[in-house]
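# Structural overview
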Amino acid sequence: MQYNDDAQLDTSVVEDARSGGPGLGGLAVGGGGLGIVGLIVVVLFNVLGGGGGSGDGLPGGLGGLSGVGSGSNVTAVDNGQLSESCKTGKDANTKTDCALVADIESIEGFWSQTLPRLGSQYVHSPTRFFRGQTSTGCGSATAGVGPFYCPADKKVYIDLGFFDELKTQFGATGGPFVNAYVLAHEYGHHVQDLLGIESKVNHNASGPQSDSVRLELQADCYAGVWANHATTVPSANGKPYIQDLTQSDINAALDTAGRIGDDWIQSHLGGGSVDQSKFTHGSSAQRKKWFGQGYSTGDPGSCDTFSTSNLG
């Protein structure tokens with residue numbers, strides 16, 4: 001994956017809270033860092049973030065988020081350093097956080113053009129970079145929750161250390177496009193929220209045909225749709241953010257999709273057996289299928305996981 005050196009970056013799409021934040025305390029998950037054992041338990045339900053819901057936590061009864069704190073617990077945001085270091089696509093080719101800025105701008109640029117054709121207007125959703133823990137509209141969160149989208153404040157949250165976990169703990173290939181896929185999946189949840197899909201599903205259900213699985217597979221499909229158009233989305237100066245996307249990049253994303261399927265996680269990082277009744281994100285095969293569906297068609301209309309009886 002190669003970014004266009006001349007693409008213009010705007011870091012206002014990010015809220016950079018990595019340099020400081022509150023002592024949140026009382027966190028429902030880990031209290032300040034899970035370690036791999038806790039991370040595995042959370043990931044079984046929430047890797048690559050669910051649609052989120054209320055301050056009660058994320059879907060499926062996961063207590064990953066504590067209740068929303070008071071104003072004194074608002075996380076400090078400072079984009080100064082990011083804006084100085086991330087100005088063009090050339091910076092994105094050498095720095096991970098700058099690459100993520102380019103990804104976010106490309107993803108949001110695509111959906112701002114596409115959603116009106118689906119009957120809705122796009123609303124900007126900033127991504128918050130944080131380290132360790134942060135406050136959100138859905139409650140207080142630790143890095144162990146994994147990347148997630150919060151409908152209450154319409155923001156995406158991610159501790160960038162998650163990308164290292166994908167490689168070291170899940171054995172994923174990793175790389176810039178894998179990181180972009182993670183973000184595109186979360187923005188898929190934002191699109192679902194804007195289209196009114198997220199509010200209609202039963203987030204507490206589990207199982208291979210559950211609303212939770214269908215929601216996640218659709219977000220994967222939406223990520224694939226963006227990927228299909230990724231090299232055509234222009235930056236403010238007309239230069240595309242992403243210059244080149246190879247089959248190797250797509251293969252890396254498919255590899256990651258396979259390693260975050262419920263069955264793969266249960267068999268490799270859980271107890272060794274697979275219990276489909278606890279599926280909340282879909283099997284490895286399903287996640288690869290629906291990302292591939294979106295990528296091959298480039299059409300969000302092909303991502304209706306709620307009407308089909310054949311999820312793969």
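Refer to the structure above for everything that follows.
In short, a report on the structure. Note that the coordinates shown come from a computational prediction; the quantities given were computed from them, not determined experimentally.

Parameters and conventions
Residues numbered from 1 in each chain as written. Predicted model: local features only at pLDDT ≥ 70, side-chain atom pairs only at ≥ 80, totals over all residues. Heavy atoms only, no water. Salt bridge = Lys/Arg side-chain N within 4 Å of Asp/Glu carboxyl O. Helix = DSSP H or I, 4+ residues; strand = E, 2+ residues; numbered from the N terminus. Buried < 20%, exposed > 50% of the residue type's maximum accessible area, 1.4 Å probe, protein only. Axes fitted to C-alpha atoms, helices over the stretch in contact; angles between N-to-C directions. Parallel < 35°, antiparallel > 145°, perpendicular 65-115°, else oblique. Left-handed = near helix turned anticlockwise from the far one by under 90°. Contact = heavy atoms within 4.5 Å. Nonpolar A, V, L, I, M, F, W, Y, C, P; charged D, E, K, R; others polar. Lys, Arg positive; Asp, Glu negative; His and termini not counted. Polar contact = N/O pair within 3.5 Å; in protein donor to acceptor, adjacent residues only side chain to side chain. Pairing = 2+ DSSP bridges.

### Examining the pattern of salt bridges
Taken as a whole and judged by the stated rule, the model has seven salt bridges. One salt bridge connects K155 with E15, and the closest N-O pair in it is separated by 3.1 Å. Within this pair, whereas K155 is found in strand 8 (residues 155–159), its partner E15 is found in strand 2 (residues 14–17), the two being separated by 140 residues in sequence. Each member of the pair, K155 as well as E15, is classed as buried. We note a salt bridge from D16 to R18, for which the minimum N-O separation is 2.8 Å. Both residues of the pair, D16 and R18, belong to the buried class.

### What about the packing of helix 6 (residues 176–194) against helix 8 (residues 247–259)?
At a closest axis distance of 8 Å, the pairing of helix 6 and helix 8 adopts a crossing angle of 55°. What the angle tells us is that helix 6 and helix 8 run oblique. As for the relative orientation of helix 6 and helix 8, their crossing is right-handed in sense. Seen from helix 6, the contacting residues are F177, V178 and Y181; seen from helix 8, they are D249, I250, A252, A253, T256 and A257. Looking at the contact of helix 6 with helix 8 residue by residue, the class counts come to seven nonpolar, one polar and one charged.

### Concerning the side chain of D249
Along the chain, D249 falls in helix 8. Despite being buried, D249 has no salt bridge partner; K167 is the closest side chain of opposite charge, sitting 13 Å away. A polar contact of 2.9 Å, which involves the side chain of D249, links it to the backbone nitrogen of T246. The contact partners of D249, leaving out residues within four places of it in the chain, are M1, F177 and D244.

### Observations concerning the sheet that holds strand 7 (residues 148–150)
Spatial ordering of the open sheet is given by 2-4-8-7, a layout of four strands whose pairing is mixed. The sheet is open, and its two edges are formed by strand 2 and strand 7, each paired on a single side. Between one strand axis and the next, the sheet turns through 25° on average, direction left out of account. As defined by bridge partners, strand 2 adjoins strand 4 (residues 127–130) across four bridges and the pair is classed as parallel. Directly across from A17, in strand 4, lies its bridge partner F130. Strand contacts of helix 6: strand 4, strand 7 and strand 8, with the helix running at about 25° to strand 7, the strand carrying the most contacts.

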